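Coordinates in review
Read off the chains here:
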Amino acid sequence: TSLDKAEVNAPINKVRQFLFWSILILFALITGSYYFYWQRLNIIRDDFLKGINKVQAGDYSAHIDYRRYNEIGLVARAFNRLIKEIASVTIQARKNEAKYRFALESVNGRIFEADVTADLLISGHEYWQRESELMMGTKYSDNIRIIADKYVHPEDRQAYLAVMLPENIIKAYAAGNTDMYVEYRSKIRKPDYEWLACNLIPVLDTATKHLMIIACIKNIHDKKMEELEIIDKAQKDQLTGLYNKVVTRLLIEDYLDNDKFLQNGALILLDLDNFKRVNDCLGHLVGDRLLVDISRELHDLFGEKHILGRFGGDEFLIFIKDFSDQTLLVENLQSILRICHKKFSYQNEVIEVSGSLGISLYPEHGQDYLSLYEKADRAMYKAKSLAKNQYAIYQERF
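What you see is a predicted model, and the numbers here were worked out from it, not measured in a lab.

What follows is about the packing of helix H8 (residues 245-258) against helix H12 (residues 369-386). Two numbers describe how H8 lies on H12: the axes approach to 10 Å, and their chain directions differ by 120 degrees. Put simply, H8 runs oblique to H12. Taken together, the residues of H12 that come into contact with H8 (itself represented by Arg249, Ile252, Glu253 and Leu256) are Tyr369, Leu370 and Leu372. Class assignment for the residues of the contact of H8 with H12 results in five nonpolar, no polar and two charged.

Next comes the structure, spelled out in structure tokens:
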């Protein structure tokens, strides 16, 4: 009761003032922190928006620089990785597009495009419809099979389909083959076969993950015929047109090594009798004409089914790939003797030309070229020693 009222209220007022300023300062701190944090968020948001706008404009240099390892940092790093992936995919797509454009601009042949994953012919219908006069479906594989069956040369169909069918293209691309090429004979819109070449360029569509191809078909007939003529000259005997010695041996060796269906065969070595007298008495021009005539008749007899070659001079080598029985073989041997039997008159003298044949049989006398040739050679000399104009089949003891 002795205290003054002001003395009682003084400490209470000090507490009130302390609480008021404390709350005011705390509110200012919270407001300031929130403001600066919100501003920082706005900056980060603006960085994201600027980055997105750059990407939309084709600029992939956008990067969010935020090093703190919190939620925003995780998002920033994920955004940066995404931009790198988009940049990489886009650059590859541009390269593919450039490759497409280069292919289209650099070729002069007929172009078609297909989605081999979806088995869909995208463009090129008009070419095949115009050239083959067929209304074909949109399935790429259907078009390829129709062309192969109706227009591609039978000997080239397997090679054509091995390159052109969608499943084969996918396998080749998976194996790392990015340049696929095939040459084949076709007779589209022409009665005779012509050599064509098709070059396929596969490109992976990064959006759909489908394998696409752009293909160019070119007519290479003239160039191919020149190449074949050069090869033919290298393989053939220039006088008779038959295979030369080296190629004849290679063809026989290849056939013996690779033909799984060969059951029997006969190697025939033919040597002309008295051919040197024709050259000496009548001249080499007559001798050459004789070789040409005999070669032509032998080719007519054996055709392309068997292997026939001139082994040098007046020697010929024939490999009969298969014969049904020995009677047919003997008929062929007698036909060869008739072909070789010629007569020439010279100064009241008759020069008679004939043939001596030595034969070895596959697989009875050997299963490789050298074994068969050695025994046919021994048999041929045995035929010459008998009377000439004869044939002899190899025996262990003649």
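Here the residue pair Tyr362 and Pro363 is connected by a cis peptide bond, since its omega of 0 degrees sits within 30 degrees of zero. Secondary-structure assignment places Pro363 in the loop between strand S10 (349-362) and H12. Unusually for a residue other than glycine, Asn274 sits at a positive phi of about 65 degrees. In this model, Gln347 sits at a positive phi of 50 degrees, which is unusual for a non-glycine residue. Among the structural elements, Gln347 can be located in the loop between strand S9 (342-346) and S10.

Let's shift gears to the pairing of S10. Counting buried positions along S10 gives 11 out of 14 residues, so the element sits mostly inside the fold. Here strand S6 (residues 265-273) pairs with S10 via nine bridges, running antiparallel. Of the residues in S10, the one forming a bridge with Ile268 is Ile359. Pairing geometry for S9 and S10, over five bridges, is antiparallel.

Let's shift gears to a nonpolar patch on the surface. On the surface, Phe20, Trp21, Leu24, Ile25 and Leu29 cluster together to form a nonpolar patch covering roughly 550 Å² of accessible area. Inspection of the secondary structure assignment puts Phe20 in helix H1 (residues 5-56).

Moving on: the side chain of Ser186. Within the fold, Ser186 resides in strand S3 (residues 180-186). According to the relative accessible area criterion, Ser186 is buried, its value standing at 4%. The contact partners of Ser186, leaving out residues within four places of it in the chain, are Tyr151, Val152, Asp192, Tyr193, Glu194 and Leu196.

This next bit is on H8. Between the first and last C-alpha of H8 there are 20 Å, a value that for 14 residues agrees with the 20 Å anticipated at 1.5 Å per step. Those residues of H8 not exposed but buried are Val247, Thr248, Ile252, Tyr255 and Leu256. Projection of H8 onto a plane perpendicular to its axis shows the buried side chains occupying an angular sector of 165 degrees, all on one side. Pointing more than 90 degrees away from the buried face of H8 are the exposed residues Val246, Leu250 and Asp257. Packing partners of the buried residues in H8 comprise helix H7 (221-235), S6, strand S7 (307-312), strand S8 (315-320), S10 and H12. Here H8 starts with a cap whose side-chain oxygen sits 3.3 Å from the backbone nitrogen of Val246, and that cap is Asn244.

This part takes up the nonpolar core. In terms of nonpolar packing, the biggest core is built from 30 residues, with Leu298 and Ile336 touching the most fellow members. Every element with two or more residues in this core is listed here: S6, helix H9 (275-282), helix H10 (284-302), S8, helix H11 (326-340) and S10. With residues near it in sequence (within four places) discarded, Leu298 still touches Leu270, Gly303, Leu308, Phe316, Ile318, Ile336 and Ile339. Judged by nonpolar contacts, the second largest core, of 27 residues, contains Ile147, Ala172, Tyr184 and Ile213.

A complete count under the given rule lists five aromatic pairs for this structure. Centroid distance Tyr160 to Tyr184: 4.7 Å. Interplanar angle 65 degrees. Geometry classified as edge-to-face. A residue pair is termed long-range when its members are at least 10 positions apart, and Tyr160 in helix H5 (residues 157-164) and Tyr184 in strand S3 qualify at 24 residues. A single burial state applies to Tyr160 and to Tyr184, both of which are buried. Between Tyr255 and Phe319, the aromatic rings sit 6.1 Å apart at their centres with planes inclined by 65 degrees, giving edge-to-face as the arrangement. Within this pair, whereas Tyr255 is found in helix H8, its partner Phe319 is found in strand S8, the two being separated by 64 residues in sequence. A single burial state applies to Tyr255 and to Phe319, both of which are buried.

Of the residues making up H9, those classed as buried are Phe275, Val278 and Asn279. Across the axial projection of H9, the buried residues extend over an arc of 95 degrees, all falling on one side. Exposed and facing more than 90 degrees away from the buried side of H9 are Lys276 and Asp280. Buried residues belonging to H9 abut S6, H10, S9 and S10.

Moving on, we get to the environment of Ile351. Its location among the elements puts Ile351 in strand S10. The class for Ile351 is buried, based on a relative accessible area of 1%. The spatial distance from the C-alpha of Ile351 to the C-alpha of Val278 is 7.2 Å, given a sequence separation of 73 residues. Dropping the residues within four chain positions of it, Ile351 is found in contact with Arg277, Val278, Cys281, Leu282, Lys342, Lys343, Phe344 and Tyr346.

Definitions and cut-offs
- Residues numbered from 1 in each chain as written.
- Predicted model: local features only at pLDDT ≥ 70, side-chain atom pairs only at ≥ 80, totals over all residues.
- Heavy atoms only, no water.
- Axes fitted to C-alpha atoms, helices over the stretch in contact; angles between N-to-C directions.
- Helix = DSSP H or I, 4+ residues; strand = E, 2+ residues; numbered from the N terminus.
- Parallel < 35°, antiparallel > 145°, perpendicular 65-115°, else oblique.
- Contact = heavy atoms within 4.5 Å.
- Nonpolar A, V, L, I, M, F, W, Y, C, P; charged D, E, K, R; others polar.
- Buried < 20%, exposed > 50% of the residue type's maximum accessible area, 1.4 Å probe, protein only.
- Pairing = 2+ DSSP bridges.
- Patch = residues over 30% accessible without salt bridge, like charges linked within 9 Å, V, L, I, M, F, W, Y side chains within 5 Å.
- Areas by Shrake-Rupley, 256 points an atom, 1.4 Å probe, with all protein chains shown as cover.
- Salt bridge = Lys/Arg side-chain N within 4 Å of Asp/Glu carboxyl O.
- Expected span 1.5 Å × (residues − 1).
- Arc of directions from axis to C-beta.
- Polar contact = N/O pair within 3.5 Å; in protein donor to acceptor, adjacent residues only side chain to side chain.
- Core = buried A, V, L, I, M, F, W, Y, C linked by side-chain atoms within 4.5 Å.
- Phe/Tyr/Trp six-rings, centres within 6.5 Å; stacked < 30°, edge-to-face > 60°.

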